[in-house]
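Structural description and commentary
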Amino acid sequence: MNIKAAIIDHELASLSEREIFACSQEQKESIYHNAKMHPEILGAVLLNTCNRTELYLSCKDGENGPDPFDFLCDHLGEGARKLASVAKEFSGDEALSHLCMLTSGAASQLLGDSQIITQVSDALSEAQEMDMTDGTLNTMFRLGVTAGKKVRTDINLQIKDTSTVDLAVRAIRVDPEVSRILVVGNGTIGRAVAEQLAKKGYEVTMTLRQYHHKEAIVPDGVSVVPYADR
């Protein structure tokens with residue numbers, strides 16, 4: 001299989017560097033559109049969470065295909081391109097191995113994080129909705145999700161709670177005097193934390209980047225503030 005992947009995650013990139021690779025919905029659509037028009041690309045899947053941005057490209061056999069990091073930077077600007085040192089690239093079986101490690105929770109900041117399987121599945125579904133997956137990517141991601149579920153079934157990671165969201169909410173609730181919460185970021189985890197805290201009666205405010213404001217999803221009962229005013 002001719003698969004190439006560019007990975008920017010918490011292992012090499014700081015939070016501020018990862019934010020540069022955070023893709024708006026418009027940027028995602030542009031990436032998929034240009035991938036569909038590229039003569040050497042058969043499919044693409046973009047995984048974008050608060051901890052990582054990963055672009056997988058399925059290219060024609062016998063073709064080198066575009067560099068996935070450069071292809072990503074074409075849509076994110078020169079600021080992203082200057083951060084090549086924080087990116088990892090995998091191809092072929094190495095890309096599949098990384099994906100399986102990822103879905104198992106072994107590549108997460110919190111070992112065994114259960115959120116990642118859903119995030120990977122959602123990324124595949126979004127690519128399928130854009131008509132941007134081929135048989136190779138569909139099989140690869142199905143194997144990745146299956147591997148992640150099998151790890152959780154067969155291996156005792158000895159983690160009392162593998163959900164980042166639950167751990168964050170539990171840590172906050174330890175102090176009964178806390179009533180107001182500022183959640184920095186509007187990613188999947190940030191929204192989930194804000195939503196759970198709002199349901200539990202906390203006064204919750206979430207930061208938003210200006211360029212994400214129009215397309216941001218804000219949970220019920222949560223206020224917003226510009227990121228610059230955090």
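In the block above lies the structure referred to throughout.
Residues numbered from 1 in each chain as written. Predicted model: local features only at pLDDT ≥ 70, side-chain atom pairs only at ≥ 80, totals over all residues. Heavy atoms only, no water.

A separate point is the side chain of Gln119. Mapped onto the elements, Gln119 comes out in helix H6 (residues 115–129). Residue classification places Gln119 among the buried residues on the basis of a relative accessible area of 10%. Apart from residues lying up to four places away in sequence, Gln119 is in contact with Leu47, Thr49, Thr188 and Ile189. (Helix = DSSP H or I, 4+ residues; strand = E, 2+ residues; numbered from the N terminus. Buried < 20%, exposed > 50% of the residue type's maximum accessible area, 1.4 Å probe, protein only. Contact = heavy atoms within 4.5 Å.)

Each α-helix winds once per 3.6 residues, and so residues spaced three or four apart point in a common direction. The end-to-end C-alpha distance of helix H7 (residues 135–154) is 28 Å, a good match for the 28 Å that 20 residues give at a rise of 1.5 Å each. The complete set of buried residues in H7 reads Leu137, Met140, Phe141, Gly144, Val145 and Gly148. Down the axis of H7, the buried set is contained in an arc of 130°. They therefore lie on one face. Facing away from the buried side of H7, by more than 90 degrees, are the exposed residues Arg142, Lys150 and Thr153. Contacts from the buried residues of H7 go to strand E1 (3–9), strand E2 (41–48), strand E3 (52–59), helix H5 (92–103) and H6. (Expected span 1.5 Å × (residues − 1). Arc of directions from axis to C-beta.)

Taking 1.5 Å of rise per residue, the 15 residues of H6 would be expected to cover 21 Å, and the 21 Å separating its terminal C-alpha atoms lies within 8% of that figure. Among all positions in H6, only Gln115, Ile116, Ile117, Gln119, Val120, Ala123, Leu124, Glu126 and Ala127 are buried.

For the rest of this paragraph, the subject is the side chain of Thr53. Tracing the sequence through the fold places Thr53 in strand E3. Within the structure, Thr53 has its side chain in polar contact with the side chain of Asn48 (distance 2.7 Å). Discounting chain neighbours no more than four positions away, the residues touching Thr53 are Ala6, Ile7, Ile8, Phe21, Ala22, Leu46, Leu47, Asn48 and Leu72. (Polar contact = N/O pair within 3.5 Å; in protein donor to acceptor, adjacent residues only side chain to side chain.)

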